[in-house]
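Chain residues, written in single-letter form:
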Amino acid sequence: MSSARITIVASRYNEQYTDALIENCIQELDIIMPGTRIEIVRVPGAYEVPVAVKRSIVLADKQPRVVIALGVIIKGSTDHADLIGASVTHSLQQIALDTLVPVIHEVILVNDEKQAFARCIGSALNRGREAARAATAMLELIEQPK
Ligand SMILES: Nc1c(NC[C@H](O)[C@H](O)[C@H](O)CO)[nH]c(=O)[nH]c1=O
Ligand SMILES: CC(=O)[C@@H](O)COP(=O)(O)O
């Protein structure tokens, strides 16, 4: 039984999809890493995810072993979605490299709700379950004896 500590930082924007990402992620963690202690942090939108990820690492009394970042960005009629997506991707990677705490990136940028449904609620491409599997793999990697 794992006593690992994982923090999930998830945005609320497009809540029907982000809630599904969280639900699928937790369900998968319960299967592949039962007993994992999970903390959930919610933020307004994808753009706020990186600062909450960094705060969950730097300010936490007990540092998480892995952080999972979840969000759904749906393209609109301007470049705003692409700008947010690019900034979030770069920021999350920078946080992981700066802190050496693995940050699993499933803040997805999609063209429409059909793509969002397939990746958040559907099973074949579920990014919440993918995040859980990636987090587990990274936890096993960082907990290997040096
Ligand atoms: N359009 C989407 C947003 N927009 C909001 C931003 O993430 C951010 O909260 C705002 O710019 C204030 O800083 N967020 C998503 O997560 N998904 C979207 O589709
Ligand atoms: C990613 C977003 O903020 C998006 O909803 C913005 O839509 P628009 O590009 O039409 O302003």
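Anything mentioned here points back to the structure above.
Residues numbered from 1 in each chain as written. Chains lettered and ligands numbered in written order. Predicted model: local features only at pLDDT ≥ 70, side-chain atom pairs only at ≥ 80, totals over all residues. Heavy atoms only, no water.

Chemist: Quick question: what am I supposed to make of the site of ligand 1 here?
Modeler: Around ligand 1, the neighbouring residues are Ser-11, Tyr-13, Asn-14, Gly-45, Ala-46, Tyr-47, Glu-48, Val-72, Ile-73, Ile-74, His-80 and Ile-84. Interatomic distance of 3.5 Å between a side-chain N/O atom of Tyr-13 and a nitrogen atom of ligand 1. A total of 440 Å² of accessible area belongs to ligand 1 in isolation, and the protein chains cover 75% of it. Secondary structure elements with two or more residues in the shell around ligand 1: strand E3 (66–74) and helix H3 (80–99). Considering each element in turn, the shell around ligand 1 owes the most residues, 3 residues, to E3. (Near = heavy atom within 4 Å. Polar contact = N/O pair within 3.5 Å; in protein donor to acceptor, adjacent residues only side chain to side chain. Areas by Shrake-Rupley, 256 points an atom, 1.4 Å probe, with all protein chains shown as cover. Helix = DSSP H or I, 4+ residues; strand = E, 2+ residues; numbered from the N terminus.)

Chemist: What am I meant to see in the side chain of Asn-14 here?
Modeler: Here Asn-14 lies in the loop between strand E1 (5–11) and helix H1 (15–32). Judged by relative accessible area, Asn-14 falls into the buried class, the value being 18%. With residues up to four places along the chain from it excluded, the contact list for Asn-14 reads Val-72, Ile-73 and Ile-74. (Buried < 20%, exposed > 50% of the residue type's maximum accessible area, 1.4 Å probe, protein only. Contact = heavy atoms within 4.5 Å.)

Chemist: Quick question: what am I supposed to make of the site of ligand 2 here?
Modeler: Around ligand 2, the structure places Tyr-13, Ile-73, Ile-74, Gly-76, Ser-77, Thr-78, His-80 and Ala-81. A distance of 2.5 Å separates an oxygen atom of ligand 2 from a polar atom in the side chain of Thr-78. Within the side chain of His-80, one N or O atom sits 3.0 Å away from an oxygen atom of ligand 2. Burial of ligand 2 by the protein chains amounts to 70% of its free accessible area of 330 Å². Here the shell around ligand 2 is composed, by residue class, of 4 nonpolar, 4 polar and no charged. (Nonpolar A, V, L, I, M, F, W, Y, C, P; charged D, E, K, R; others polar.)

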